[in-house]
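This is what each chain is made of:
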Amino acid sequence: MTPELQHTISLLSRTPAALNALLRDLPEARRNEGENTWSVFDVVGHLVHGERTDWMQRTRIVLQFGEGRMFESFDRTGFVRESQDKSLGQLLDEFARLRSENLDELRGLNLQPEDLARRGRHPVLGVVTLSELLATWAAHDLTHLHQISRILAHQYREAVGPWSRYLGVLQCAGHSSPE
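A short tour of the structure in this document, coming up. (Residues numbered from 1 in each chain as written. Predicted model: local features only at pLDDT ≥ 70, side-chain atom pairs only at ≥ 80, totals over all residues. Heavy atoms only, no water.)

Along the backbone of the protein chain there are 8 helices and 2 strands. Counting from the amino terminus, helix and strand elements in the protein chain follow one another as α-α-α-α-α-α-β-β-α-α. Since a compact globule built from 179 residues should have a radius of gyration of about 16 Å, the 18 Å found for the protein chain is in line with a globular shape. Counting the 179 residues in the protein chain, one finds 40% classified as buried. Accessible surface, the protein chain as shown: approximately 9700 Å² in total, 52% of it carbon and sulfur. (Helix = DSSP H or I, 4+ residues; strand = E, 2+ residues; numbered from the N terminus. Rg over C-alpha atoms; globule rule 2.2 N^0.38 Å. Buried < 20%, exposed > 50% of the residue type's maximum accessible area, 1.4 Å probe, protein only. Areas by Shrake-Rupley, 256 points an atom, 1.4 Å probe, with all protein chains shown as cover.)

Below, the structure written as structure tokens:
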């Protein structure tokens with residue numbers, strides 16, 4: 001396994017604990033930033049859905065079929081029906097379990113540089129490498145950690161008064177829309 005992949009796996013392995021520490025027993029998990037934005041609950045549901053239907057499935061496709069089989073389109077809102085009867089705690093537990101299983105499988109593949117250079121076909125982006133897919137998995141986690149910070153800070157938007165101009169988390173407006 002390459003050092004870059006080891007680093008990626010190390011980062012990916014930390015996300016469940018980070019989410020758990022930040023969100024477990026949070027009373028307002030369904031607050032969002034306004035119309036057509038996601039709540040913390042939605043983001044965690046989305047991460048669970050991705051663990052189930054995206055990252056390792058696409059990794060297997062690249063390794064087995066290469067560019068010969070296009071990835072399935074990812075349903076970004078597929079989490080809605082899967083999460084509707086669950087609590088945030090249940091989603092956090094499910095995410096931790098699925099992430100652990102996926103990373104165990106990924107480690108078990110013992111990927112080498114030539115594997116990471118293998119190519120697959122994304123339905124929108126076209127040809128991508130396995131290395132790019134795995135790097136995107138890590139960046140995707142970081143994007144949603146950033147988003148969760150922003151959602152949580154949103155409740156303080158008015159309460160901080162004039163300090164809001166110094167709080168970057170209150171100025172950022174990216175990646176909450178389900179569109």
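We are not done yet, so read on.
Let us look at the pattern of salt bridges. If you walk through the whole model with that rule in mind, you get 13 salt bridges. Between E82 and R52 there is a salt bridge whose closest N-O contact spans 3.2 Å. Of this pair, E82 sits in helix 4 (residues 79-83) while R52 is found in helix 2 (residues 40-53), placing the two residues 30 residues apart along the sequence. Residue classification places E82 among the partly exposed residues on the basis of a relative accessible area of 25%. With a shortest N-O distance of 3.6 Å, D75 and R81 are connected by a salt bridge. The partly exposed category is assigned to D75, whose relative accessible area is 33%. Assessed through its relative accessible area of 52%, R81 is described here as exposed. (Salt bridge = Lys/Arg side-chain N within 4 Å of Asp/Glu carboxyl O.)

One broad rule of soluble globular proteins: the nonpolar side chains tend to lie buried together. Residues L19, L23, V40, L88 and I148 are the most contacted members of the largest nonpolar core, which totals 19 residues. At 6 residues, the largest contribution of residues to this core is made by helix 2. Apart from the residues lying within four places of it in its own chain, the contact partners of L88 are L23, A29, V40, F41 and V44. With 18 residues, the next largest nonpolar core counts I9, L116, L130 and L134 among its residues. (Core = buried A, V, L, I, M, F, W, Y, C linked by side-chain atoms within 4.5 Å. Contact = heavy atoms within 4.5 Å.)

This part covers the packing of aromatic side chains. Geometrically, a pair of aromatic rings is defined through the distance of the ring centres and the angle of the planes. A full pass over the atoms with the stated rule returns 2 aromatic pairs. Aromatic pair W38 and F79: ring centres 5.2 Å apart, planes at 75°, arrangement edge-to-face. In this pair, W38 is assigned in the loop between helix 1 (3-23) and helix 2 and F79 in helix 4, connecting sequence segments 41 residues apart. There is no split in this pair, since W38 and F79 are both buried. When the ring of W55 is compared with that of W137, the centres are 5.9 Å apart and the planes differ by 5°; the resulting orientation is stacked. Of this pair, W55 sits in helix 3 (residues 55-65) while W137 sits in helix 7 (residues 130-154); the two residues are 82 residues apart in sequence, bridging distant segments of the chain. (Phe/Tyr/Trp six-rings, centres within 6.5 Å; stacked < 30°, edge-to-face > 60°.)

To continue, consider the packing of helix 1 against helix 5 (residues 88-108). Remark: helix 1 packs on helix 5, axes separated minimally by 10 Å, with the N-to-C direction vectors making an angle of 170°. Compared by their axis directions, helix 1 and helix 5 come out roughly antiparallel. For the pair helix 1 and helix 5, contact is made by L5, I9, L12, S13, T15, P16, L19, N20 and L23 and by L88, L92, F95, A96, R99, L103, L106 and R107, respectively. Residue classes in the contact of helix 1 with helix 5 are distributed as 12 nonpolar, 3 polar and 2 charged. (Axes fitted to C-alpha atoms, helices over the stretch in contact; angles between N-to-C directions. Parallel < 35°, antiparallel > 145°, perpendicular 65-115°, else oblique. Nonpolar A, V, L, I, M, F, W, Y, C, P; charged D, E, K, R; others polar.)

Honestly, that's just the spatial picture; any functional story needs more than this.
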